[in-house]
Amino acid sequence: MCLISPSRLPLKTTQILLIAWVLSWIPFAAAQESTVPVTVVPVRIAAVNDEIPLSGTVTTRRTVHLSSRVEGYVQEVLVDAGDEVEAGAVIVTLDRRLAEIELSRVRAARAEAKARNDEARRQLSEVMQLVEKQHVAGTTVASAKAEVAIQDAALRRLDTDIVRSRELLQRHTILAPFSGVVSRKLVEVGQWVETSSSLVELSEIERLRVEVGVPQNHFEATQTGTPVTVYFDALPGFILSATVSKKIPIGNSTTRTFPVRIDLDNRDRRIAPGMSANVRLLTNHSPEAMVLPLDAIVREANGDEFVWVVKSVDGVTKGRKTRVTTGRSLDTWIEVNSPDLDAQSKVIVYGNERLDEDQEITIAEELDVAD
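Because the structure is a prediction, the values reported are computed rather than measured. (Residues numbered from 1 in each chain as written. Predicted model: local features only at pLDDT ≥ 70, side-chain atom pairs only at ≥ 80, totals over all residues. Heavy atoms only, no water.)

(A) Here's a closer look at the overall build of the chain. Along its length, the chain carries three helices and 22 strands. Here the analysis covers contacts within the chain between residues at least 6 apart in sequence; of these, 73% occur between residues at least 24 apart. Of the accessible surface of the chain, which amounts to about 22,500 Å², a share of 52% is contributed by carbon and sulfur atoms. (Helix = DSSP H or I, 4+ residues; strand = E, 2+ residues; numbered from the N terminus. Contact = heavy atoms within 4.5 Å. Areas by Shrake-Rupley, 256 points an atom, 1.4 Å probe, with all protein chains shown as cover.)

Pasting the structure below:
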């Protein structure tokens with residue numbers, strides 16, 4: 001093979017060869033420039049809600065002023081403010097000496113009546129034996145039976161008196177009706193109390209409550225069981241999930257809001273009555289909405305929104321322009337609706353700003369839906 005140096009060729013021939021060489025590279029360069037590297041992400045299926053921000057204050061579900069059901073002198077106060085007690089725990093005891101004496105008296109009277117009843121029954125048995133021998137009149141039998149009935153009634157009355165005396169004796173001991181915290185102690189030992197006297201203030205602490213006012217335009221969408229998330233200014237980073245426990249259909253004519261109650265589980269004792277609470281009411285729940293990163297949405301000058309969907313056409317990967325309707329936001333994601341999208345669709349999230357319809361693309365990276 002003989003090689004000819006370009007320097008030995010005529011100038012015109014050299015120019016022709018150079019032009020031919022440049023033209024041979026144009027299609028290859030054009031092909032390289034028409035393939036755009038992109039980053040894609042699959043359509044994510046997630047739950048989406050409308051969030052209504054509200055504010056309120058943590059309160060107790062139950063707070064009671066315990067009082068005695070009988071009058072008397074305070075003998076013991078077994079709790080102090082701040083003490084946590086279980087349901088049924090003894091809170092206060094009154095002097096019960098007179099009640100104990102009364103119970104002893106009634107028991108003695110009952111024992112006496114029982115002896116009389118036994119005697120009446122013995123006499124009736126003897127009379128019935130004499131009747132068989134026809135040694136007594138019929139009126140004697142009737143009198144013996146009446147005496148037994150009288151003694152039976154006396155026993156029943158005294159049994160009732162014993163129950164009453166026991167109940168009065170028990171009422172000298174005041175018990176906690178539910179588990180909670182003593183918020184105030186209102187009596188001391190030696191104090192005389194009446195049935196209207198408050199002894200201690202007891203507040204439930206294991207379950208608390210937040211009451212917020214829902215604006216009237218969200219009243220219909222709010223129902224018992226509607227999910228909420230609760231944040232507390234005093235507990236940064238602590239988020240509590242709960243539901244609406246009560247919807248009160250009587251609104252405030254001034255603020256046009258309706259009270260909604262949210263019960264809070266406080267078994268770990270992290271929350272305290274009086275704390276401020278920020279509530280996000282989650283309405284219009286969509287459990288399986290299609291969402292995409294905000295960067296995947298391209299907006300035209302006329303306001304139309306679309307995304308670039310990855311399509312394979314004759315074995316070539318291309319971007320297909322697809323119109324969408326956007327909805328609610330979810331952090332850096334947004335809800336989308338389109339009949340041309342489903343859970344298997346992949347959408348271009350980066351590199352979509354310089355695409356043309358049906359342009360060939362190269363997938364440089366595919367993001368996970370959790371990213």
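(B) Local environment of the packing of aromatic side chains. Scanning all chains against the criterion turns up four aromatic pairs. Judged by centre distance (5.9 Å) and plane angle (25 degrees), the ring pair of F232 and F238 falls under stacked. Taken individually, F232 and F238 each receive the classification buried, so the pair is uniform in this respect. Positioned above the aromatic ring of F178, the side-chain terminus of R62 is 4.2 Å from the ring centre. One cation-aromatic arrangement involves K321 over F306; the distance from NZ or CZ to the ring centre is 4.2 Å. (Phe/Tyr/Trp six-rings, centres within 6.5 Å; stacked < 30°, edge-to-face > 60°. Buried < 20%, exposed > 50% of the residue type's maximum accessible area, 1.4 Å probe, protein only. Lys NZ or Arg CZ within 6 Å of the ring centre and 35° of its normal.)

(C) Region of the structure containing a nonpolar patch on the surface. The grouping of L78, V90 and L175 at the surface amounts to a nonpolar patch, some 230 Å² of accessible area in total. As for its position among the elements, L175 is in strand β7 (residues 173-175). (Patch = residues over 30% accessible without salt bridge, like charges linked within 9 Å, V, L, I, M, F, W, Y side chains within 5 Å. Salt bridge = Lys/Arg side-chain N within 4 Å of Asp/Glu carboxyl O.)

(D) Region of the structure containing the nonpolar core. In terms of nonpolar packing, the biggest core is built from 24 residues, with F232, L264 and I271 touching the most fellow members. For this core, the elements supplying multiple residues, two or more each, are β2 (44-60), β11 (207-215), β12 (227-232), β13 (235-247), β14 (257-265) and β15 (276-293). Here this core takes five residues from β13, the largest share from any one element. Those residues within four positions of I271 in sequence are excluded, and the remaining contacts are V58, L208, F232, F238, L240, L264, D265 and N266. (Core = buried A, V, L, I, M, F, W, Y, C linked by side-chain atoms within 4.5 Å.)

(E) Looking closely at the sheet that holds strand β5 (residues 84-85). With respect to topology, four strands assemble into an open sheet ordered β3-β10-β8-β5, the strand pairing being antiparallel. The sheet is open, and its two borders are formed by β3 (63-67) and β5, each paired with just one other strand. Two elements, β3 and strand β10 (residues 198-203), share five bridges in a ladder whose sense is antiparallel. Looking at β10, one finds that H65 is bridged to E201. (Pairing = 2+ DSSP bridges.)

(F) Representation of the side chain of N266 in the model. Turning to its location among the elements, N266 is positioned in the loop between β14 and β15. Judged by its relative accessible area of 0%, N266 is buried. Setting aside its immediate chain neighbours within four residues, N266 contacts I205, E206, R207, L208 and I271.

(G) Structural detail: the sheet that holds strand β6 (residues 90-94). Strand order in this open sheet of four strands is β7-β6-β4-β9, and the pairing throughout is antiparallel. With one partner strand each, in any of the chains shown, β7 and β9 (192-193) form the two edges of the open sheet. As paired strands, strand β4 (residues 72-77) and β6 are joined by three bridges and run antiparallel to one another. Note that in β6 the partner of V74 across the bridge is L94.

(H) Just the pattern of salt bridges, in detail. Under the defined criterion, the tally for this structure stands at 30 salt bridges. With its nearest N and O atoms 2.4 Å apart, the salt bridge here joins E126 to R122. With E126 and R122 both in helix α2 (residues 97-132) and four residues apart, this pair spans about one turn of that helix. Judged by its relative accessible area of 40%, E126 is partly exposed.

(I) Main features of unusual backbone geometry. A positive phi angle is found at R256, which is not glycine, with a value near 55 degrees. Tracing the chain through its elements places R256 in the loop between β13 and β14. Judged by relative accessible area, R256 falls into the partly exposed class, the value being 47%. Phi at R269 takes a positive value of approximately 60 degrees, unusual for a residue other than glycine. Its place among the elements puts R269 in the loop between β14 and β15.

(J) A look at the environment of R44. Positionally, R44 belongs in strand β2. Once the C-alpha coordinates of R44 and S345 are considered, the two residues, 301 residues apart in sequence, prove to be 9.3 Å apart.

(K) Molecular detail of the confidence of the model for the chain. Put simply, the chain has an average pLDDT of 86, and 88% of its residues get 70 or more. Model confidence for the chain, summarised as mean pLDDT per element, is weakest for helix α1 (residues 11-34) at 49 and strongest for β6 at 97. Considering only residues more than four positions removed or in separate chains, one finds that residues 1-9, a stretch of pLDDT under 50, has four contacts. (pLDDT = per-residue confidence, 0-100.)

(L) Just the environment of M128, in detail. With respect to the element layout, M128 can be found in helix α2. The sequence separation of M128 and K145 amounts to 17 residues, and the corresponding C-alpha distance is 9.9 Å. Every residue in contact with M128, bar those within four places of it in the chain, is listed here: V141 and K145.

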